[in-house]
Amino acid sequence: AASPRSRLTVDPESEPQYATTPLRWLVLAAAATLNFSSAMNWVTFVAIADHTEVYFQQTSFNVNMLSLVFMIASLVTGLFWAWLLDTLGLGLGLWLGVWLNFIGAVVRLLATIHPMVVPGGEDDEYYGHFWVLIIGQVLCALSNPISLYSPAKVADTWFPQNRRALANMIASMANPVGIAAGMIVPPAVVTGGTDMPKTFSKLLIFLSIISAISVLLTLPVCRNKPTIPPSPSGDDKKNTKLPFLKGLKQLLRNRPFLFMAAMWSIGIGTFNVFITLMEQMLCPYGYTDKFTGICGGAMSLTGLVGAMVASIYVDKTKNFVPTLKTFYALAMLTMLGYLMVGRCRAKTTACRDGCAEL
């Protein structure tokens, strides 16, 4: 009997033969888990910035760098990872991505092992090794572009045309879900006082396990493409692709693409700033870390729902520019509302709803 991995669904009328394999779902699960884990690792310390400052004896600027290194790493290595996926293939890219993410998560955990006694403090006051933590965070950050770029490549390489949108959506949705989890889970685990070292270790152990799952899912599928292409458009013999640099030059001459890229950069930059600084904007006005995490989760998940609704509308009407303008106008208004409500004490419901609308 044939193994599950070898069972193929073949269209007998197609020439050459095209087929789909159940293995494609494992590849999709690996890409989605990497995306989810990378997102959680990015925002791990955002909602617990105050505890992180105390435990690692650092300034708020240094704590913010734990999040900002992901943006810096994307700027520095983004083109390299795009070239690697396009030229050397998906298998190598996923393999490097999951291992960088896992090793970084483990290094972060090492920062909480054998904490040092706070100089001049009580005997039970300890602090972690910040520079070990930042090294681990940089390693996680280096894998982030792969986690963001791989969903489209997985859909194009492993899925037939009528399933690519679904596959891309599943793997891409893992990112905002991971951000929401990364905002909600840390404040629920990390506590202040003498238990702080133990709770930090528990949190980073949990995140290391999630990173390890992405490694385990990738091990059986470390290959660039299926043996038989899933559709004619996925057949390299039938489709000649432009070299990476030539395609990049064409994009840079495309004005509509440059406009969309600029708008996307503004949107994602605004979102990243709000996520990174949310705890530091809310806690001085009496809001707790747990509430900050809920606001961040609401901001991410409702944004996901809005994106799904907008994509359906745009797909049917083709009104790309009007939709973009409408969303940016609404984002500006809700941002102003959030800043005003966030400065009012005990306005938890209004502040949470403002984050969701933003």
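Residues numbered from 1 in each chain as written. Predicted model: local features only at pLDDT ≥ 70, side-chain atom pairs only at ≥ 80, totals over all residues. Heavy atoms only, no water.

**Q** Any chance you could explain the side chain of T218 here in plain terms?
**A** Tracing the backbone through its elements, the reader meets T218 in helix α7 (residues 196-218). Polar side-chain contacts of T218 include one of 2.7 Å to the backbone oxygen of S214. Those residues in contact with T218 that sit more than four places away from it in its chain are A30, L94, W95 and V98. (Helix = DSSP H or I, 4+ residues; strand = E, 2+ residues; numbered from the N terminus. Polar contact = N/O pair within 3.5 Å; in protein donor to acceptor, adjacent residues only side chain to side chain. Contact = heavy atoms within 4.5 Å.)

**Q** Honestly, the packing of helix α1 (residues 23-42) against helix α6 (residues 164-189) in this entry has me stumped. Any pointers?
**A** The geometry of a pair of packed helices is captured by two quantities: the angle between their axes and the separation between those axes. Direction vectors running N to C along α1 and α6 enclose 30°, while the axes themselves pass 7 Å from each other. If you check the angle between α1 and α6, you find them roughly parallel. Here α1 runs over α6; the crossing is right-handed. Along the contact surface, α1 presents L28, A32, N35, F36, A39, M40 and W42, while α6 presents A167, I170, A171, S172, A174, N175, V177, G178, I179, A181, G182 and V185. (Axes fitted to C-alpha atoms, helices over the stretch in contact; angles between N-to-C directions. Parallel < 35°, antiparallel > 145°, perpendicular 65-115°, else oblique. Left-handed = near helix turned anticlockwise from the far one by under 90°.)

**Q** Mind showing me how you'd approach empty space enclosed by the protein here?
**A** Take a probe with the size of a water molecule and roll it over the atoms, and the empty space left behind shows itself. Within the structure shown, the criterion is met by one cavity of 30 Å³ or more. Forming the boundary of the largest cavity are W42, F45, V46, A49, V63, N64, L66, S67, T276 and Q280. Of all the elements in the fold, those that place two or more residues in the lining of the largest cavity are α3 (60-87) and α9 (255-282). Looking at the lining of the largest cavity, the element that brings in the most residues is α3, giving four residues. (1 Å grid on protein atoms, 1.4 Å probe; cavity = no way out; pocket = protein on both sides within 12 Å on 5 of 7 lines; lining within 4 Å. Points joined across faces, edges and corners; volume = space filled by probe spheres on them.)

**Q** I tried to follow α9 on my own but got confused; where do I start?
**A** Since the α-helix turns once every 3.6 residues, residues separated by three or four places project in the same direction. Helix length check: α9, at 28 residues, gives a terminal C-alpha distance of 39 Å against a target of 40 Å (1.5 Å per residue), a fit within 8%. The sharpest bend along α9 comes to roughly 45°, located at T276. Taken as a whole, α9 has its buried residues at F271, N272, F274, I275, T276, M278, E279 and L282. Between the side-chain oxygen of the N-cap and the backbone nitrogen of F257 there are 3.1 Å, and the N-cap of α9 in question is N254. (Expected span 1.5 Å × (residues − 1). Bend = angle between axes of the 7 residues up to and from the residue. Buried < 20%, exposed > 50% of the residue type's maximum accessible area, 1.4 Å probe, protein only.)

**Q** Sorry, what's going on with a nonpolar patch on the surface here?
**A** A grouping of F80, W83, L88, L92, W95, L216 and L219 is seen on the molecular surface, where their side chains present a nonpolar patch of about 650 Å² in accessible area. Among the elements of the structure, α3 and α4 (90-110) are those that each provide at least two residues to the nonpolar patch. Inspection of the secondary structure assignment puts F80 in helix α3. (Patch = residues over 30% accessible without salt bridge, like charges linked within 9 Å, V, L, I, M, F, W, Y side chains within 5 Å. Areas by Shrake-Rupley, 256 points an atom, 1.4 Å probe, with all protein chains shown as cover. Salt bridge = Lys/Arg side-chain N within 4 Å of Asp/Glu carboxyl O.)

**Q** It is not clear to me how the nonpolar core should be interpreted in this structure. Could you clarify?
**A** A general tendency of soluble globular proteins is for nonpolar side chains to be buried together. If you look at the biggest cluster of nonpolar residues, it comprises 41 residues, and the most contacted ones within it are I179, M183, F200 and I275. If you list the elements that add at least two residues to this core, you get α1, α2 (49-56), α3, α5 (130-158), α6, α7, α9 and α10 (289-317). A per-element tally of this core places α7 first, with six residues. What I275 contacts, discounting residues up to four positions off in sequence, is W42, V43, V46, I179, M183, G296 and M299. Counting residues in each nonpolar core, the second largest holds 20 residues, with L34, W81, L84 and V98 among its members. (Core = buried A, V, L, I, M, F, W, Y, C linked by side-chain atoms within 4.5 Å.)

**Q** Would you take a moment to explain the confidence of the model for the chain for this structure?
**A** Should pLDDT be low for a region, the predicted coordinates there are not to be read in detail. Summing up the model confidence of the chain, the mean pLDDT is 79 and the portion of residues at 70 or higher is 82%. Here residues 1-6 scores under 50 on pLDDT; set against residues more than four positions off or in separate chains, the count is five contacts. Predicted confidence is poor over residues 10-14, with pLDDT under 50, and the contacts of this stretch with residues over four places away or in other chains come to five contacts. (pLDDT = per-residue confidence, 0-100.)

**Q** Sorry, what's going on with the packing of aromatic side chains here?
**A** The description of an aromatic ring pair rests on the distance of the ring centres and on the angle between the ring planes. By the definition in use, this model includes ten aromatic pairs. Taken together, a centroid distance of 4.8 Å and an interplanar angle of 70° make the contact between Y55 and F56 edge-to-face. By relative accessible area, Y55 is classed as buried at 1%. Measuring from centroid to centroid gives 5.9 Å for W99 and F102, while their planes differ by 80°, and the two rings are edge-to-face. Linking W99 with F102, this pair stays in helix α4, spanning three residues, or about one helical turn. Accessibility expressed as a relative area gives 22% for F102, which makes it partly exposed. (Phe/Tyr/Trp six-rings, centres within 6.5 Å; stacked < 30°, edge-to-face > 60°.)

**Q** Quick question: what am I supposed to make of the packing of α3 against α4 here?
**A** In the contact formed by α3 and α4, the axes pass within 7 Å of each other and the chain directions differ by 140°. On the basis of the axis angle, α3 is oblique to α4. Note on element contacts: α4 touches α3 through L90, L92, G93, L96 and L100, opposite W81, L84 and L85. For the contact of α3 with α4, the residue count by class is seven nonpolar, one polar and no charged. (Nonpolar A, V, L, I, M, F, W, Y, C, P; charged D, E, K, R; others polar.)

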